[in-house]
Amino acid sequence: TIWDYSILPDEIPYPDILINGYATNDMHYNSVQDAIKRNVTLEQSVFELSQSFIRQVLTPKKGCGHPPPLLLYLDDYMGNEQNEIRETMISSRVIHELSGYYGIGSISYADVVRDIVYGDTREWWFSSNWYEKGDYERAVHPHMGMHIR
């Protein structure tokens, strides 16, 4: 994982705060295909991936007196990859469940803007432009509003 290949200097074993903002990528088409190949559901795959990352970050490095970082999860997934409510909410459910279990923080951009986005699916400031070429299409990467929130 990215945690294994830290770009921090040796004298700084951990950052003080680590924000995982990977929810959009965890729900991407490629993640769905990977879950299918491994014969697991997308929810199982996202759960396993997230839990493994959390455990790795919260486990102190051997011989290091520095405590693990404050870990925060950012739920930024507002895509239309799945087109079903239960499937679309997988990332949010997993982040909420693991945050509660491991006592880490979570912030949900998606919860804040969901009513705006789903109330008008042609809106593209807070989410992807799902009608960029005129017809409704799959799009997971959000536009400007999400990045400057």
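All of the points below concern the structure found in this document. (Residues numbered from 1 in each chain as written. Predicted model: local features only at pLDDT ≥ 70, side-chain atom pairs only at ≥ 80, totals over all residues. Heavy atoms only, no water.)

### Some details on the nonpolar core
Next up, step 1: Grouped together as the largest cluster of nonpolar side chains are 13 residues, with contacts concentrated most on Phe 53, Ile 54, Leu 71 and Tyr 73.
Next up, step 2: Contributions of two or more residues to this core are made by helix H3 (42–58), strand E2 (70–75) and helix H5 (90–102).
Next up, step 3: Among the elements that take part in this core, H3 stands out by supplying five residues, more than any other.
Next up, step 4: Excluding anything up to four places from it in sequence, Tyr 73 contacts Asn 20, Ser 50, Phe 53, Ile 54, Ile 95, Ile 104, Gly 105, Ser 106 and Ile 107.
Next up, step 5: Ranked by size, the runner-up nonpolar core spans ten residues in total, among them Ala 110, Val 113, Trp 130 and Tyr 131. (Core = buried A, V, L, I, M, F, W, Y, C linked by side-chain atoms within 4.5 Å. Buried < 20%, exposed > 50% of the residue type's maximum accessible area, 1.4 Å probe, protein only. Helix = DSSP H or I, 4+ residues; strand = E, 2+ residues; numbered from the N terminus. Contact = heavy atoms within 4.5 Å.)

### As for the packing of aromatic side chains
The description of two aromatic rings rests on the distance between their centres and on the angle between their planes.
Next up, step 1: All chains considered together, the criterion is met by four aromatic pairs.
Next up, step 2: Ring centres of Tyr 101 and Tyr 102 lie 4.9 Å apart, and the angle between their planes is 80°; this geometry places the pair in the edge-to-face category.
Next up, step 3: A relative accessible area of 65% places Tyr 101 in the exposed class.
Next up, step 4: Arranged with centres 6.2 Å apart and planes meeting at 80°, the rings of Trp 130 and Tyr 136 form a pair that is edge-to-face.
Next up, step 5: Classification of Trp 130 as buried rests on a relative accessible area of 2%.
Next up, step 6: By the ring-pair criterion, three or more aromatic residues cluster together here, those being Tyr 118, Trp 130, Tyr 131 and Tyr 136.
Next up, step 7: Sitting above the plane of the Tyr 131 ring, Arg 122 keeps its charged end 3.9 Å from the centroid. (Phe/Tyr/Trp six-rings, centres within 6.5 Å; stacked < 30°, edge-to-face > 60°. Lys NZ or Arg CZ within 6 Å of the ring centre and 35° of its normal.)

### Some points on the side chain of Ser 128
Next up, step 1: Checked against the element boundaries, Ser 128 lands in the loop between helix H6 (109–119) and helix H7 (144–148).
Next up, step 2: The contact partners of Ser 128, leaving out residues within four places of it in the chain, are Glu 123, Ala 139, Val 140, His 141, Pro 142 and His 143.

### Points about the pairing of E2
Next up, step 1: Counting buried positions over the six residues of E2 gives five, a clear majority of the element.
Next up, step 2: Bridge count for strand E1 (residues 17–20) against E2 is four bridges, and the pairing is parallel. Of the residues in E2, the one forming a bridge with Asn 20 is Tyr 73.
Next up, step 3: Note: E2 against strand E3 (residues 105–108), four bridges, orientation parallel. Within E3, the residue paired with Leu 72 across the bridge is Gly 105. (Pairing = 2+ DSSP bridges.)

### Observations concerning H5
Next up, step 1: Between its terminal C-alpha atoms H5 stretches 18 Å, which fits the 18 Å expected from 13 residues at 1.5 Å a residue.
Next up, step 2: All buried positions along H5 are accounted for by Ile 90, Ser 91, Ser 92, Val 94, Ile 95, Leu 98 and Ser 99.
Next up, step 3: Where H5 terminates, the next one or two residues include Gly 103, which has phi positive at roughly 70°. (Expected span 1.5 Å × (residues − 1).)

### Side note on the packing of H3 against H5
Next up, step 1: It is the contact of H3 with H5, at a shortest axis distance of 10 Å, that shows an interaxial angle of 35°. Between H3 and H5 lies a crossing whose hand is right-handed. Residue-level contacts link Leu 42, Glu 43, Val 46, Phe 47, Ser 50, Gln 51, Ile 54, Arg 55 and Leu 58 of H3 to Ile 90, Arg 93, Val 94, Glu 97, Leu 98 and Tyr 102 of H5.
Next up, step 2: A class-by-class count of the residues in the contact of H3 with H5 yields nine nonpolar, two polar and four charged. (Axes fitted to C-alpha atoms, helices over the stretch in contact; angles between N-to-C directions. Left-handed = near helix turned anticlockwise from the far one by under 90°. Nonpolar A, V, L, I, M, F, W, Y, C, P; charged D, E, K, R; others polar.)

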